[in-house]
Amino acid sequence: MRRISVLFFVLLLGAAVRLHAQSATLRTGDIFEVRLSGMPQEFATDFNLQYTVGGDGTINVPLIGEFKVTGLTPTELERNIQNKLVQEKIFTHPTVLISVAPSTRYVSISGGIRQPQRLQWSADLTLSSAIGNCAGLSDFGSPKGIRIIREGKIAGVFDLRQIQKDPSKDPKLLPGDQVLIRE
C-alpha cells in the first residue's frame, strides 16, 4: 500500500510540474515535439515530429495543415490539433501530447545587475532567483522599480526589498520575460 501511495505521489508531482510548464505560451522560435496516441502506431508516427514555430508564428501539421501557435499554451495547441483531427475525420479519438524543449526558453536580465545575461527558463524561476543567478545588483543597481516586460508590455514593477520581506510576493518569470533593473 505504501508503494502505491509513493507511486501516486510521484505521478501527481510530475503532472503538476508539467501543468506549470504548460502554462507558458508558445513563441516564435520555440521547438517542441508532438506525440500522438489513440490510433494504430504506424499512423501515429506520421505526426510524431519535432516542430519549430516559424517567424509567422505557425507550424504545418501533416494532413491537417497550418496552425497559428504563437500565444497558445501547449495544452491549448494539443486540444486544437485533437479537435482538427476529429473534425477532418482523420482519427476518432486522438490524444496529442506536446513537449516543449526547455533549451529554447530564456529570460533576459539587464540594467543595474553585476552579470547581465540570458538565463535558461525553468518552471520555478522567480525574480529574486534570477537576480541571484546574475550575481545580484551592481553597485549602482536600484532594488526599487524593477520592471518585468512580458510580450512587449510592463507586467509589473517590483521592489526587491519588499520581496525579501515577503517571499510570497516574488513573481514567477515566464519564457521571454525581460527583467530591467534601474541604475
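What you are looking at is a predicted structure, and each value in this text was computed from that prediction instead of being measured.

Q: Report on unusual backbone geometry, specifying residues and quantitative values.
A: Across the chain, the bulk of peptide bonds are trans and the bulk of non-glycine residues have phi less than zero. We note that Lys89 has phi near 60°; this positive angle belongs to a residue other than glycine. Along the chain, Lys89 turns up in the loop between helix H3 (74–87) and strand S5 (95–100). In this structure, Ala135 takes a positive phi of about 70° despite not being glycine. As for its placement among the helices and strands, Ala135 is situated in the loop between helix H4 (127–133) and strand S8 (146–150). For Ala135, a relative accessible area of 37% puts it in the partly exposed group.

Q: Pulling in residues and values, what's your account of the nonpolar core?
A: Core analysis: the biggest nonpolar cluster contains 21 residues, and Phe32, Leu36, Ile59, Leu77 and Ile81 have the highest contact counts within it. Sorting the residues of this core by element identifies strand S1 (31–37), strand S3 (58–61), H3 and S5 as the ones contributing at least two each. The residues contacting Ile59, other than those within four sequence positions of it, are Phe32, Tyr51, Thr52, Val53, Gly65, Glu66, Phe67, Val69 and Leu77. Counting 18 residues, the second largest nonpolar core, distinct from the first, contains Ile109, Ala130, Cys134 and Ile163.

Q: Any details on the confidence of the model for the protein? Residues and values, ideally.
A: Summarising the model, the protein shows a mean pLDDT of 84, and 86% of its residues fall at 70 or more. Per-element confidence in the protein ranges from a low mean pLDDT of 43 for helix H1 (residues 2–22) to a high of 96 for strand S10 (residues 178–181). Ignoring residues within four places in sequence, the model shows residues 5–22, a span with pLDDT below 50, making 11 contacts including any to other chains.

Q: Let's hear about the pairing of strand S7 (residues 117–120): which residues, and what values?
A: Inspection of the sheet shows strand S6 (residues 106–111) paired to S7 by four bridges, in the antiparallel sense. Bridged to Val107 within S7 is Leu119. Hairpin connection of S6 to S7: five residues between the antiparallel strands.

Q: Lay out the pattern of salt bridges with the relevant residues and their values.
A: Applying the stated criterion to the full structure yields six salt bridges. We note a salt bridge from Asp30 to Arg27, for which the minimum N-O separation is 3.8 Å. With a relative accessible area of 0%, Asp30 lands in the buried category. The salt bridge partner of Arg150 is Asp177, with a shortest N-O separation of 2.7 Å. In this pair, Arg150 is assigned in strand S8 and Asp177 in the loop between helix H5 (160–165) and S10, connecting sequence segments 27 residues apart. Given a relative accessible area of 26%, Arg150 falls into the partly exposed group.

Q: Please set out the sheet that holds S6 residue by residue, giving values where relevant.
A: Judged by pairing direction, the sheet is mixed, and its five strands sit side by side in the order S7-S6-S10-S8-S9 without closing on themselves. Edge strands, defined here as strands with exactly one partner in the open sheet, are S7 and strand S9 (153–158). The sheet shows a mean angle of 25° between the axes of neighbouring strands, taken without regard to direction. Of the pairings in the sheet, the one linking S6 to S10 comprises four bridges and is parallel in character. When the bridges of S10 are listed, Gly111 appears paired with Ile181.

Q: Pulling in residues and values, what's your account of the environment of Glu66?
A: Relative to the elements of secondary structure, Glu66 occurs in strand S4 (residues 65–68). Given a relative accessible area of 58%, Glu66 falls into the exposed group.

Q: For the sheet that holds S1, give the residues involved together with the corresponding values.
A: In any sheet, the strands associate via hydrogen bonds between backbone groups, in a parallel or an antiparallel arrangement. Taken together, three strands build an open sheet; the order of strands is S2-S1-S5 and the sheet is antiparallel. Looking along the sheet, the strands with just one partner apiece sit at the ends: strand S2 (50–52) and S5. Taking the axes of each pair of neighbouring strands and ignoring which way they run, one obtains an average angle of 30° across the sheet. Sheet topology places S1 next to S2; three bridges connect them, and they run antiparallel. Among the inter-strand pairings, Ile31 is bridged to a residue of S2, identified as Thr52.

Definitions and limits used
- Residues numbered from 1 in each chain as written.
- Predicted model: local features only at pLDDT ≥ 70, side-chain atom pairs only at ≥ 80, totals over all residues.
- Heavy atoms only, no water.
- Helix = DSSP H or I, 4+ residues; strand = E, 2+ residues; numbered from the N terminus.
- Buried < 20%, exposed > 50% of the residue type's maximum accessible area, 1.4 Å probe, protein only.
- Core = buried A, V, L, I, M, F, W, Y, C linked by side-chain atoms within 4.5 Å.
- Contact = heavy atoms within 4.5 Å.
- pLDDT = per-residue confidence, 0-100.
- Pairing = 2+ DSSP bridges.
- Salt bridge = Lys/Arg side-chain N within 4 Å of Asp/Glu carboxyl O.
- Axes fitted to C-alpha atoms, helices over the stretch in contact; angles between N-to-C directions.

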